[in-house]
2 protein chains.
Amino acid sequence: MISRAVEELMLENKSSMIIPAENVANVMSGNPLEHAFLVLSKAGYSKIPVLDKGDHFVGLLSLNDVVNKMLEIDGIDTTNLSEFSVADVMDTDVAIVREGCELEDLLHLLVDAPFLPVLDEHNIFKGIVTRREILKAVNRTFHELDKKRVPTEKLVFPAGLAK
Amino acid sequence: MISRAVEELMLENKSSMIIPAENVANVMSGNPLEHAFLVLSKAGYSKIPVLDKGDHFVGLLSLNDVVNKMLEIDGIDTTNLSEFSVADVMDTDVAIVREGCELEDLLHLLVDAPFLPVLDEHNIFKGIVTRREILKAVNRTFHELDKKRVPTEKLVFPAGLAK
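Computed from a prediction, not measured in an experiment: that's the story for all the values here.

1. A word on the overall build of chain A
At step 1: The helix and strand tally for chain A stands at eight helices and nine strands.
At step 2: The globule rule puts the C-alpha radius of gyration for 163 residues at 15 Å, and the 21 Å found for chain A is more than 25% above it.
At step 3: When its C-alpha atoms are laid out on the principal axes, chain A stretches across 70 × 35 × 25 Å.
At step 4: A buried classification covers 44% of the 163 residues belonging to chain A.
At step 5: Here the analysis covers contacts within chain A between residues at least 6 apart in sequence; of these, 53% occur between residues at least 24 apart.
At step 6: Counting 17 positive and 26 negative side-chain charges, chain A places the centres of these two groups 11 Å from one another.

Shown next, in the form of structure tokens:
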């Protein structure tokens, strides 16, 4: 559990925690890998969401997924990039969150994912929550806890619970 | 400032916060990009530390840095990978931390970097601190704060400071 006090501090700037879909680069599942390679390398991202034509979230594609298709026994070969599509190599085993999910779930899932796709109830891609935005909120929360001058001893060993 | 109480909780598993150098893939600054490309794609990392022959940290290399050397006006060309070295494309403008640095500095620097190289006083690479390990500590800290049943009202509005 996370105490209500900490949760309130963490969610003070809740609206800035989700990076909205329109600000997140994406690729279509039907795109050839060559196109995805260009998007990823030019945008400077290492992993981006994959959408279908109806803006439904269908997976994640990393630059590593793409370049692994270029590794041949005798060296690097880029011909595969025009022969395979994003759907052939994307990762579909991905943790996602729904709009309005619990902070606690977010924090746990972000241990194993640098960002989490946020979907509505129809699996429409709404944006991402990143470790970066959560860390900003953590910094603010720790500082607020200190600014409010919570007595240290009480915070760690409240009366009756002291070791 | 971060209160001593929160800092103590965050640093309870301090030893596991740094991933030691021997468990972190790296490349040498003199390596051809082709070698670095293979290391990055096979290891599945998007960014790794670059060391010199004396194990000094000299920069970071991302898979994006490498593949950007493959982008030519008329398409993708891999010949540059054997002509350029890691030192030619690595990022040397990198935030680093020293062994024994302050938690507060770590938390701030990790807002803009997915991980931080940890160096000793001679710039020898000792390991990395990642957002992932910090988030684990944050989860533990939030839960301990709750487990110790700090009264919510007191935590946010201690006596004398209530709005």
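2. A look at helix 2 (residues 33–43) of chain A
At step 1: Here helix 2 of chain A has its buried residues at Leu33, Ala36, Phe37, Leu40 and Ser41 of chain A. The buried residues of helix 2 of chain A occupy one face: seen down the axis, they fall within an arc of 120 degrees.

3. Here we look at the packing of aromatic side chains
At step 1: Counted under the stated rule, the structure contains three aromatic pairs over all chains.
At step 2: Ring geometry for phenylalanine 142 of chain A against phenylalanine 142 of chain B: centres 6.1 Å apart, planes inclined by 80 degrees, an arrangement best described as edge-to-face. Of this pair, phenylalanine 142 of chain A sits in helix 7 (residues 131–147) while phenylalanine 142 of chain B sits in helix 7 (residues 131–147), on two different chains. In this pair, the class of phenylalanine 142 of chain A matches that of phenylalanine 142 of chain B, namely buried.
At step 3: Above the plane of the ring of phenylalanine 84 of chain A lies lysine 69 of chain A, whose end atom (NZ or CZ) is 4.0 Å from the centre.

4. A short note on the interface of chain B and chain A
At step 1: In this complex, chain B contributes 53 residues to the contact, which on the side of chain A involves 53 residues.
At step 2: Between chain B and chain A lies a buried interface of about 4,900 Å² when both sides are counted; carbon and sulfur atoms form 70% of it.
At step 3: The partner of aspartate 112 of chain A in a salt bridge is arginine 132 of chain B, with the nearest N and O atoms 2.5 Å apart.
At step 4: Linking chain B to chain A there are twelve residue pairs in polar contact (both at pLDDT 80 or more).
At step 5: Looking at the side of chain B that touches chain A, the elements that each hand over two or more residues are helix 1 (4–10), helix 2 (33–43), helix 3 (63–68), helix 6 (103–109), helix 7 and helix 8 (152–156) of chain B.
At step 6: With twelve residues, the single largest contributor to the side of chain B that touches chain A is helix 7 of chain B.
At step 7: Residues belonging to the side of chain B that touches chain A are distributed by class as follows: 28 nonpolar, twelve polar and 13 charged.

5. Description of the pairing of strand 9 (residues 125–130) of chain B
For a regular strand, side-chain orientation follows a simple rule: the groups alternate between the two sheet faces.
Residue and element names in this part refer to chain B.
At step 1: With respect to burial, strand 9 is a largely interior element, five of its six residues being buried.
At step 2: Summarising the sheet, strand 8 (residues 115–119) and strand 9 pair through five bridges and their orientation is antiparallel. Looking at the pairing, proline 117 lines up with isoleucine 128 of strand 9.
At step 3: Hairpin remark: strand 8 followed by strand 9, antiparallel, with five residues in the connecting loop; positive phi at asparagine 123, about 65 degrees.

6. Observations regarding unusual backbone geometry
At step 1: Look at aspartate 55 of chain A: it is not a glycine, yet its phi comes out positive at around 65 degrees.
At step 2: Relative to the elements of secondary structure, aspartate 55 of chain A occurs in the loop between strand 3 (47–51) and strand 4 (57–62).
At step 3: Located in the positive-phi region is asparagine 123 of chain B, a residue other than glycine, with phi close to 65 degrees.
At step 4: Mapped onto the secondary structure, asparagine 123 of chain B falls in the loop between strand 8 and strand 9.

7. A few points about the relation of the copies chain B and chain A
At step 1: Under the fitted operation, chain B is carried onto chain A by 0.0 Å of movement along the axis and a turn of 180 degrees, and the coordinates agree to an RMSD of 0.0 Å. The symmetry that links the two subunits is that of a two-fold axis. Nearest to the rotation axis, the C-alpha of serine 46 of chain B is located 3.1 Å from it, this being the minimum over chain B.
At step 2: Most of the interface of chain B is mirrored in chain A, where 100% of its interface residues are also at the interface.

The rules behind the values
Residues numbered from 1 in each chain as written. Chains lettered and ligands numbered in written order. Predicted model: local features only at pLDDT ≥ 70, side-chain atom pairs only at ≥ 80, totals over all residues. Heavy atoms only, no water. Helix = DSSP H or I, 4+ residues; strand = E, 2+ residues; numbered from the N terminus. Rg over C-alpha atoms; globule rule 2.2 N^0.38 Å. Buried < 20%, exposed > 50% of the residue type's maximum accessible area, 1.4 Å probe, protein only. Contact = heavy atoms within 4.5 Å. Lys, Arg positive; Asp, Glu negative; His and termini not counted. Charge placed at Lys NZ, Arg CZ, Asp CG, Glu CD. Arc of directions from axis to C-beta. Phe/Tyr/Trp six-rings, centres within 6.5 Å; stacked < 30°, edge-to-face > 60°. Lys NZ or Arg CZ within 6 Å of the ring centre and 35° of its normal. Buried area = accessible area lost by both parts, 1.4 Å probe. Salt bridge = Lys/Arg side-chain N within 4 Å of Asp/Glu carboxyl O. Polar contact = N/O pair within 3.5 Å; in protein donor to acceptor, adjacent residues only side chain to side chain. Nonpolar A, V, L, I, M, F, W, Y, C, P; charged D, E, K, R; others polar. Pairing = 2+ DSSP bridges. Least-squares fit on C-alpha atoms with pLDDT ≥ 70 in both.

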